[in-house]
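Chain and residue survey
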Amino acid sequence: MSKIEDVKAKVEIGKSKLVPGLVQEALDEGNKPEDILQAMVDSMSVVGEKFSAGEIFVPEMLIAAKAMSKGVDVLRPLLAGDGASSLGTCVIGTVAGDLHDIGKNLVAMMIESAGFTVVDLGVDVPADKFVAAIKENENVTLVACSGLLTTTMPALKEAVATIKASGLNVKVIVGGAPVTPEYAAEIGADAYAPDAGSAAVKAKEIVA
Ligand code: B1M
């Protein structure tokens, strides 16, 4: 088994203590950080499929997510760029009722590397907390809202509507597995991105 396959296998079974060392070994073997990250994202897809099939349950999903987060910590300095910020501040969070944060954290990392200062509100963020954060922080140009559940898509809609209704001059980008470009347009977001890399590209475009 290659080191990268080993990382994938250990994330799937939630070996949090082993994953950081294996990620480092995969890097030392010359694997690209992007490829190691993709292997861990693939692990989470397998975990999701097993959950859907009733082969594993919430605790197993949770420990796999923890293992991936530990692996991402090792990659962060290699993926995050120099963080020189000139595009203003991005307020980011996962919408109300939704506790998924791995994708949101990757989006935050890539947006930061694109040149934004990032204020991360975490998960389960009510719509009015996004608005409060825009007011409380300096030079907020962008709000990024993540949603991973079909049941929290209405919360995404409410977040965008509340931010827009506030009249504050910010752009809003949305994304997450159940979100489509059509839904993003329908709820009045300024942009949609399917993954963290394209979220950073779109973020720069809409703020420019
Ligand atoms: Co949950 N979960 N989960 N879960 N979970 C999913 C999402 C699910 C698809 C699993 C499944 O059934 N196959 C399913 C949702 C089904 C649906 O709504 N259609 C699901 C469910 C049902 C649930 C619970 C309801 C289970 C239960 O309790 N019965 C529950 C809900 C809790 C809640 O939020 N209120 C729940 C709980 C959890 C855990 C807490 C145990 C854990 C999350 C831990 C954590 O995040 N710290 C968890 C996990 C780990 C998953 C899976 C397995 C993995 C998610 C993940 O991290 N993926 C997931 C299955 C799957 O995704 N295949 C699943 C890796 C990550 C890199 O991808 O988050 O998609 P993702 O992010 C991508 C893109 O979506 C995009 O870029 C990212 C990277 O490129 N993106 C953006 C994300 N945000 C963006 C924002 C943008 C742009 C792009 O702009 C702002």
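Rules used throughout
- Within any chain, residue numbers begin from 1 and follow the written order of that chain's sequence.
- This being a predicted model, a pLDDT of at least 70 is required before a residue's local features are given, and a value of 80 or more before pairs of side-chain atoms are given or counted; all residues contribute to the totals for chains, interfaces and linings.
- Heavy atoms throughout the structure, all of them, feed into the side-chain values; hydrogens and water do not.
- Put simply, DSSP marks the helices as runs of H or I at least four residues long and the strands as runs of E at least two long, and each gets a number from the N terminus on.
- Coordination partners: N, O, S within 2.8 Å of the metal, 3.2 Å for Na, K and Ca; water not considered, so apparent gaps in a site are possible.
- A pair of strands counts as paired when DSSP detects no fewer than two bridges linking them.
- Contact between two residues is taken to exist if any of their heavy atoms lie within 4.5 Å; hydrogens are not considered.
- Axis definition: a line fit to C-alpha positions, over the contact stretch in the case of helices; interaxial angles, taken between N-to-C directions, run 0 to 180 degrees.
- Residues are classed as near a molecule or strand on a simple rule: at least one heavy atom within 4 Å of it.
- As used in this structure description, the phrase polar contact means that two N or O atoms lie within 3.5 Å; if the pair is within protein, one of them must be able to donate a hydrogen and the other to accept it, and residues adjacent in sequence are counted only when both atoms belong to side chains.
- Polar here means any residue other than Ala, Val, Leu, Ile, Met, Phe, Trp, Tyr, Cys and Pro, which are nonpolar, and Asp, Glu, Lys and Arg, which are charged; Gly is therefore polar.
- UniProt positions are given in the numbering used here, feature names are shortened, and annotations may be inferred rather than shown by experiment.
- Remark: exposure states derive from per-residue accessible area (1.4 Å probe, protein chains only) relative to the maximum for the residue type, with buried under 20%, exposed over 50%, and partly exposed in between.
- Any angle that is under 35 degrees is reported as roughly parallel, and any over 145 degrees as roughly antiparallel; angles of 65 to 115 degrees are reported as roughly perpendicular and all others as oblique.
- We call a crossing left-handed when the near helix sits turned anticlockwise from the far one by less than a right angle, and right-handed when that turn is clockwise.
- Of all possible arcs, the one meant is that of the directions from the helix axis to the C-beta atoms.
- Salt bridges are defined as contacts in which a side-chain nitrogen from Lys or Arg sits within 4 Å of a carboxyl oxygen from Asp or Glu.

Turning next to unusual backbone geometry. Even without a glycine there, the phi angle at D124 is positive, about 55 degrees. Even without glycine at this site, N139 takes up a positive phi of about 50 degrees. Mapped onto the elements of the fold, N139 is located in the loop between α6 (127-136) and β3 (140-146).

Right, let's talk about the coordination of the cobalt atom of the ligand for a bit. A lone protein donor contacts the cobalt atom of the ligand, and this donor is H100 (NE2), found at 2.2 Å. Position of H100 relative to the elements: it lies in the loop between β1 (89-94) and α5 (102-113).

Taken in spatial order, the five strands of this open sheet run β2-β1-β3-β4-β5, and their pairing is parallel. Every interior strand has two partners, whereas the edge strands, β2 (117-120) and β5 (191-192), have only one. Packing of helix α9 (residues 196-207) onto the sheet brings it into contact with β3, β4 (171-175) and β5, and relative to β4 it is tilted by some 160 degrees.

This part takes up the site of the ligand. Residues in close proximity to the ligand total 36 residues, the closest being S52, L99, H100, D101 and S146. In the environment of the ligand, a nitrogen atom lies 2.9 Å from a nitrogen or oxygen atom belonging to the backbone of G97. Contact between the ligand and A177: an oxygen atom at 3.2 Å from a main-chain N or O atom of the residue. By residue number, the principal contributor to the shell around the ligand is helix α3 (residues 33-52), which donates seven residues. Split by residue class, the shell around the ligand holds 23 nonpolar, 10 polar and three charged.

Another aspect to go through is the UniProt feature "domain: B12-binding" (unreviewed entry) in the protein chain. The UniProt feature table records "domain: B12-binding" (unreviewed entry) at residues 87-208. Measuring from the first to the last C-alpha atom of residues 87-208 gives 8 Å, for a span that is 43% helix and 20% strand.

Turning next to the environment of I56. Relative to the helices and strands, I56 resides in the loop between α3 and α4 (58-79). Taking the C-alpha atoms as reference, I56 lies 27 Å from A155; in sequence the two are 99 residues apart. With residues up to four places along the chain from it excluded, the contact list for I56 reads V47, K50, F51 and M61.

Okay, the side chain of S146 next. In this fold, S146 is placed in strand β3. Given the relative accessible area of 9%, S146 is considered buried. When sequence neighbours within four positions are dropped, the list of residues in contact with S146 reads G93, T94, V95, K104, L156 and G175.

Turning our eyes to something else, we now look at the packing of α6 against helix α7 (residues 153-165). Between α6 and α7, the least distance of the axes is 8 Å, while the angle of their chain directions is 40 degrees. In terms of orientation, α6 lies oblique with respect to α7. Taken as a pair, α6 and α7 cross one another with a handedness that is right-handed. Packed against α6, whose contacting residues are A127, D128, F130, V131 and I134, the element α7 presents E158, A159, T162 and I163 at the interface.

The subject of this paragraph is the environment of T152. Mapped onto the fold, T152 is located in the loop between β3 and α7. Under the relative-accessibility criterion, T152 is labelled buried at 5%. Residues T152 and P178 lie 26 residues apart in sequence; the distance between their C-alpha atoms is 9.5 Å. Here T152 is in contact with V95, A96, G97, D98 and G147, once residues within four sequence places are set aside. Within the structure, the side chain of T152 is placed 2.8 Å from the side chain of D98, a separation counted as a polar contact.

With that out of the way, let us pick up helix α1 (residues 3-12). Those residues of α1 that fall on the buried side of the exposure criterion are I4, D6, V7 and V11. Projection of α1 onto a plane perpendicular to its axis shows the buried side chains occupying an angular sector of 155 degrees, all on one side. The secondary structure elements touched by the buried residues of α1 are α2 (19-28), α3 and α4.

Bringing the pattern of salt bridges into the picture now. Counted according to the given criterion, the structure contains eight salt bridges. When the shortest N-O distance is used, the salt bridge between E25 and K3 registers 2.9 Å. Residue E25 is located in helix α2, and its partner K3 is located in helix α1; the two are separated by 22 residues in the primary sequence. Take E25: its relative accessible area is 36%, and that puts it in the partly exposed class.

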